[in-house]
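Analysis of the macromolecular model
Single-letter residue listing:
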Amino acid sequence: MVSPSALLAPVAPEFLARQLQRPSAEQIELRDGLMDQPAHIDPKFLYDALGSSLFTAITQLPEYYPTRCEAEIFQRHGGDIARHIGPVQALIDLGAGDCVKAERLFPSLRPSHYVPVDISADYLQAAVRRLKLSYPDLSITAVGQDFSHTLALPDGIPHEQRLFFYPGSSIGNLGPDDAYEMLRRIREACPGGGLLVGVDRVKSRQVLEPAYDDALHLTAAFNLNLLRHVNSVLAADFDVDDWRHVAIFNSARSRIEMHLEARRALRVAWPGGEREFSAGERIHTENSYKFTPLAFSDLLQSAGYRDVAHWSDTRGWFSVFSARA
């Protein structure tokens, strides 16, 4: 038992200083990624408030087909999808952003509880305020969370008839092993429920690369804004003008890769560390894996799902999968 006198003992100033200087988990993750060979930054750091707004703008670009293809699928096949899903009590929207995609499903799925989850909590709260005005009878629980490694939902969300909604091909940002683990975590969080997930499909380089390197350079701004976010979190001194956006299709790995490439030899510093980059050296910032329907169906089944069904747009560029947990 700790004595009362010990509880009242003064705390050494040097101990307080060490506590204040202790890096956060985000800072450690960023620092380790920047020091790795090659350097990389997790794509979740793309989505601060400005990054989330830029991505919403990207979805309106003519080159960025996934949003339109997914919307076409729900418009053409919404009734069949809702019948396959069955009753929904809680609609849990992973990477909800502005919540517009999930909102379009409210009439067909009729959830009693909506749970938008997003790493950008401030951006999410603005969307939730709008929804609460439009749907006063719908219970809404917003969750600001990085769900890339853990999936922890607050109490009060119905356990029965949960549907996890993971739209927009975001599952493709994860490598094969991480995608498998994510699908397993979702399945464990909705026993007897289901998953509705958007999946981008393999297609020609001529279609894929412009979707990630558009003529207006919005995707470039989205990628470069990552450096501003890193400066804020890590207290680094990246100069955005020193870097350029690169997007390429790696056909061997069936994925789009986004990078930031140094325009000149330079040094980047942050408290307790620094790194030199040569001209042309890259920081890997995002992958977007592309699937065949068979490959993704196999992935779902290997992660323990059953009753797998999928629907596609008329060009076969995108698929929406529904599966039971």
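What you are looking at is a predicted structure, and each value in this text was computed from that prediction instead of being measured.

Mapped onto the elements, K44 comes out in the loop between β1 (39–40) and α4 (49–58). Among the polar contacts listed, one links the side chain of K44 to the side chain of E29, at a separation of 2.8 Å. When sequence neighbours within four positions are dropped, the list of residues in contact with K44 reads E29, I119, D146, S148 and H149.

The interhelical angle for the contact between helix α9 (residues 176–189) and helix α12 (residues 293–302), taken along N-to-C directions, is 50°, at an axis separation of 9 Å. Relative to α12, the element α9 lies oblique. Where α9 crosses over α12, the two elements pack in a sense that is right-handed. Only L299, L300 and S302 of α12 make contact with α9, whose side of the interface consists of A179, Y180 and L183. Split by residue class, the contact of α9 with α12 holds 5 nonpolar, 1 polar and no charged.

All right, on to the packing of helix α3 (residues 25–35) against helix α11 (residues 218–234) then. Direction vectors running N to C along α3 and α11 enclose 125°, while the axes themselves pass 9 Å from each other. Comparing the axis directions of α3 and α11 gives the class oblique. Between α3 and α11 lies a crossing of left-handed hand. Residues E26, Q27, L30, R31 and L34 of α3 lie in contact with α11, whose contacting residues are V230, V233 and L234. Of the residues assigned to the contact of α3 with α11, the class counts are 5 nonpolar, 1 polar and 2 charged.

What follows covers the environment of V143. In this fold, V143 is placed in strand β5 (residues 143–144). Overall, V143 belongs to the buried group, its relative accessible area being 8%. In the structure, V143 is positioned 88 residues away from F55 in sequence and 20 Å away in space, judged by C-alpha atoms. Aside from chain neighbours lying at most four places away, what touches V143 is V115, P116, V117, D118, L124, A152 and P154.

When α4 is considered as a whole, its buried residues turn out to be G51, S52, L54 and I58. The arc enclosing the buried residues of α4, seen along the axis, measures out at 160°, which places them on a common side. For α4, the secondary structure elements touched by its buried residues are α8 (121–134) and α11.

With the rule as written, the count across this model stands at 1 cavity of 30 Å³ or more. Here the largest cavity defines a volume of roughly 40 Å³. When residues of the lining of the largest cavity are traced back to their parent elements, those giving at least two are α5 (66–85) and α7 (106–109). The residue inventory of the lining of the largest cavity, partitioned by class, reads 7 nonpolar, 2 polar and no charged.

How each quantity is defined
- Residues numbered from 1 in each chain as written.
- Predicted model: local features only at pLDDT ≥ 70, side-chain atom pairs only at ≥ 80, totals over all residues.
- Heavy atoms only, no water.
- Helix = DSSP H or I, 4+ residues; strand = E, 2+ residues; numbered from the N terminus.
- Polar contact = N/O pair within 3.5 Å; in protein donor to acceptor, adjacent residues only side chain to side chain.
- Contact = heavy atoms within 4.5 Å.
- Axes fitted to C-alpha atoms, helices over the stretch in contact; angles between N-to-C directions.
- Parallel < 35°, antiparallel > 145°, perpendicular 65-115°, else oblique.
- Left-handed = near helix turned anticlockwise from the far one by under 90°.
- Nonpolar A, V, L, I, M, F, W, Y, C, P; charged D, E, K, R; others polar.
- Buried < 20%, exposed > 50% of the residue type's maximum accessible area, 1.4 Å probe, protein only.
- Arc of directions from axis to C-beta.
- 1 Å grid on protein atoms, 1.4 Å probe; cavity = no way out; pocket = protein on both sides within 12 Å on 5 of 7 lines; lining within 4 Å.
- Points joined across faces, edges and corners; volume = space filled by probe spheres on them.

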